[in-house]
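As a plain string of letters, each chain reads:
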Amino acid sequence: MDESEERTGAEPLSTSYGFDDEEPPGKPRRHPLWRDVLDKQWDDWRWQSQNAIRSVRQLRNLLPFSPDELEAIGALEAEYKLAIPPYYFSLIDCDDPRDPIRLQSVTSPLEADSSYELDDPLEEDKDSPVPGITHRYPDRVLMVTTHVCTMYCRFCTRKRATMVRGGWDAISRDDERMIDYVRSHPEVRDVIVSGGDPLTLPYGKLRFFLHSLRDIPHVDVIRIGTRVPTTLPQKLFDPELVDILASAEKVWIQTHFNHPREITPEVARICKTLLRHGMPLNNHAVLLKGVNDDLETMRRLMRAMLRVKVRPYYLFHCDPVTGAGHFRTSVWKGLELMEGLRGHMSGLAIPTYVVDSPHGGGKIPLMPSCATTKACWFATRPRTNRPRYGRRSAIAASASWSRGPRRCSCPRTTSAWHAARPARSRAARQRRTATAAARAPRPPRAVAPRRKQRTQRAIVPRSGNTWYPCRWCPRADSDRLAASLGRARIIAIT
Ligand code: SF4
């Protein structure tokens, strides 16, 4: 009997309830705590919401924590909300402290560790002409309709409104004003209804938003960004909700699956229902350390989504939001994963990898082409994760530069560019000179040409490692990548 069972006097529960390697959607799972709940109750979203885990006191009876962890997450409880419906909690392997579902939903002591992250990393509030609306791209607007979610994702970009207690600015928001804004801007064709989770809105209010948008002639698409299919699919068992969505006619559903285990038989059922009612399903995943940052998991996720007819649309790089630094991977990791997907899986399974650039710079799609892959860059990354500025790092970089470039392995550039690039070794230079001389002998030059000064650019990001783009490569668009990394600096090293 463990500490929590001693405290509660509960019988030890077996937590081995079906975590296997079978391909999703697999079979339904239920934590032993709820094994006696009737199916009718289990499939009722109201029961799921009422029985959601909302406090550390409930959590400590269900998961093993060290005393230090308990103290840390207890302190965070006052700051951040917690909600995990029994359905989603049942997907956690309770024996694994690094379980990917647990990492996404359970408070971690690492959330207190925020050195450089921001509350509003994308500066959505700056591009907000009306409270609740973000108008950044010409033909699209984002509409934040609520702060409530069925589950509070620990990496949420908008946690300043959703997860932070008292963060939602309810007073300044006016639903009519938001709709009026869209109505008065004929260039807006696509409205992203988000939150929080719009599917947690009372039905009357959801109907108001969707029907008002449907009646605006220049709006072609209403995208609903929701995690309800992932965390509480039972809500979409409700025919009334499906009818509201279907009646808006222009609705596209943007799901948010991050791990293959989230694709369950319940999810397969609701996906079928939504598709039958004419709502296309696209997925926005977030690249999260420990959750989906390995190739096999990513491939399984993509395959699982295709199996339930959800199109992988975007793979977002995790935003530098307060308290989510432990979820962030390097951009290289994302590119590596994309390289492992493209060409190995159906094109339908390939999302667009996107860095939402900090400070409102917008979305930047990144492709593992020769411009950005590791193969094409000089692998002279410093071992530390801290940003390095100044003369010392420049000297270090210059020293590594002197070791010479690596050969680019990109098939598109290898043949053309590397055949044409100047030879670097003395022997090769002599060979070239000899060949050239044999072909067309020229008189020796009177003045020896000045040796061209060697200059290389280094990108010093705000955090993470310094990179050195290949100077031979025509596609090394380092400025663009630097912009994606926020306050990256580009320095010239001679
Ligand atoms: S459901 Fe969406 S808005 Fe809500 S916490 Fe998760 S990511 Fe954030």
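Residues numbered from 1 in each chain as written. Predicted model: local features only at pLDDT ≥ 70, side-chain atom pairs only at ≥ 80, totals over all residues.

Some remarks on the overall build of the chain
Next, step 1: Each helix and strand in the chain was counted, giving 18 helices and 13 strands.
Next, step 2: Within the chain, the proportion of its 494 residues that are buried is 37%.
Next, step 3: Within the chain, residue pairs in contact and separated by at least 24 positions form 79% of the contacts whose partners lie at least 6 positions apart. (Helix = DSSP H or I, 4+ residues; strand = E, 2+ residues; numbered from the N terminus. Buried ≥ 20, exposed ≤ 12 C-beta atoms within 10 Å, placed from the backbone. Contact = placed C-beta atoms within 7 Å.)

Comments concerning the confidence of the model for the chain
Detailed reading of the predicted coordinates is not advisable wherever pLDDT is low.
Next, step 1: On average, the chain scores 81 in pLDDT, and the residues at 70 or more come to 72%.
Next, step 2: For the chain, helix H15 (residues 391-401) is the element with the lowest average pLDDT, namely 38, and strand S5 (residues 251-255) is the one with the highest, namely 98. (pLDDT = per-residue confidence, 0-100.)

A short note on unusual backbone geometry
Next, step 1: Following proline 24, the chain continues into proline 25 via a peptide bond in cis, with omega recorded as 10°.
Next, step 2: Assignment of secondary structure puts proline 25 in the loop between helix H1 (3-8) and helix H2 (39-42).
Next, step 3: The omega angle of the peptide bond from glycine 195 to glycine 196 is 20°, so this bond is cis rather than trans.
Next, step 4: One can find glycine 196 in the loop between strand S3 (190-194) and helix H9 (203-214).
Next, step 5: A positive phi is found at glutamate 249, a non-glycine position, where the angle reads about 65°.
Next, step 6: Residue glutamate 249 is classed as exposed on the basis of its C-beta count, with 12 C-beta atoms lying within 10 Å.

Section: the packing of helix H13 (residues 295-307) against helix H14 (residues 331-341)
Next, step 1: For the pair H13 and H14, the least separation of the axes is 10 Å and the interaxial angle reads 55°. In this view, H13 runs oblique relative to H14, as classed from their interaxial angle. Crossing handedness for the pair H13 and H14: right-handed. Facing Leu295, Met298, Arg299 and Met302 of H13, the residues of H14 in contact are Leu337, Gly340 and Leu341.
Next, step 2: A breakdown of the residues in the contact of H13 with H14 according to their chemical character gives five nonpolar, one polar and one charged. (Axes fitted to C-alpha atoms, helices over the stretch in contact; angles between N-to-C directions. Parallel < 35°, antiparallel > 145°, perpendicular 65-115°, else oblique. Left-handed = near helix turned anticlockwise from the far one by under 90°. Nonpolar A, V, L, I, M, F, W, Y, C, P; charged D, E, K, R; others polar.)

As for the pairing of S5
Next, step 1: The buried count for S5 comes to four of five residues, which makes it a mostly enclosed element.
Next, step 2: Where strand S4 (residues 221-225) and S5 come together, four bridges link them in parallel fashion. Looking at the pairing, isoleucine 222 lines up with valine 251 of S5.
Next, step 3: The pairing of S5 with strand S6 (residues 281-287) spans three bridges and is classified as parallel. Within S6, the residue paired with isoleucine 253 across the bridge is leucine 281. (Pairing = 2+ DSSP bridges.)

Some thoughts on the nonpolar core
Next, step 1: Counting 88 residues, the largest nonpolar core has Met143, Phe155, Val191, Leu210, Ile222, Val251 and Met305 as its most contacted members.
Next, step 2: Sort the elements by how many residues they give to this core and H13 lands first, with five residues.
Next, step 3: The residues that make up this core include at least three from each of domain 1 (5-112) and domain 2 (124-366).
Next, step 4: Leave out the neighbours within four places in its chain, and methionine 143 touches Gly132, Ile133, Met178, Val191, Ile192, Val193 and Ser194. (Core = buried A, V, L, I, M, F, W, Y, C linked by C-beta atoms within 7 Å. Domains from an automatic or database assignment.)

Here we look at the site of the ligand
Next, step 1: Every residue lining the ligand is accounted for by Cys149, Tyr152, Cys153, Cys156, Arg158, Thr162, Gly195, Gly196, Asp197 and Arg227.
Next, step 2: Class assignment for the residues of the shell around the ligand results in four nonpolar, three polar and three charged. (Near = placed C-beta within 6 Å.)

Some details on the sheet that holds strand S9 (residues 362-365)
Next, step 1: Pairing within the open sheet is mixed, and its nine strands lie in the order S1-S2-S3-S4-S5-S6-S7-S8-S9. In this open sheet, the two edge strands, each paired with only one partner strand, are strand S1 (133-134) and S9.
Next, step 2: Relative to strand S7 (residues 311-317), S6 runs parallel, the two sharing six bridges. Along S7, the bridge assignment pairs alanine 285 with leucine 315.
Next, step 3: Each of S3, S4 and S5 touches H9; the most contacted strand, S4, lies at about 155° to it.

Considering the packing of H9 against helix H11 (residues 239-247)
Next, step 1: Between H9 and H11, the least distance of the axes is 9 Å, while the angle of their chain directions is 15°. Here H9 lies roughly parallel to H11, going by the angle between them. As for how H9 packs across H11, the hand of that crossing is right-handed. Contacts between H9 and H11 involve Tyr203, Leu206, Arg207 and Leu210 on the former and, on the latter, Glu240, Leu241 and Ile244.
Next, step 2: Split into classes, the residues belonging to the contact of H9 with H11 amount to five nonpolar, no polar and two charged.

Let's talk about H9
Next, step 1: Along its twelve residues, H9 runs 16 Å from first to last C-alpha, staying within 8% of the 16 Å computed at 1.5 Å per residue.
Next, step 2: Turning to H9, its buried residues are Leu206, Phe209, Leu210 and Leu213. The arc that holds every buried residue of H9, seen down its axis, measures 85°, which confines them to one face.
Next, step 3: The inward-facing, buried residues of H9 contact helix H8 (175-183), S3, S4, H11 and S5. (Expected span 1.5 Å × (residues − 1). Arc of directions from axis to C-beta.)

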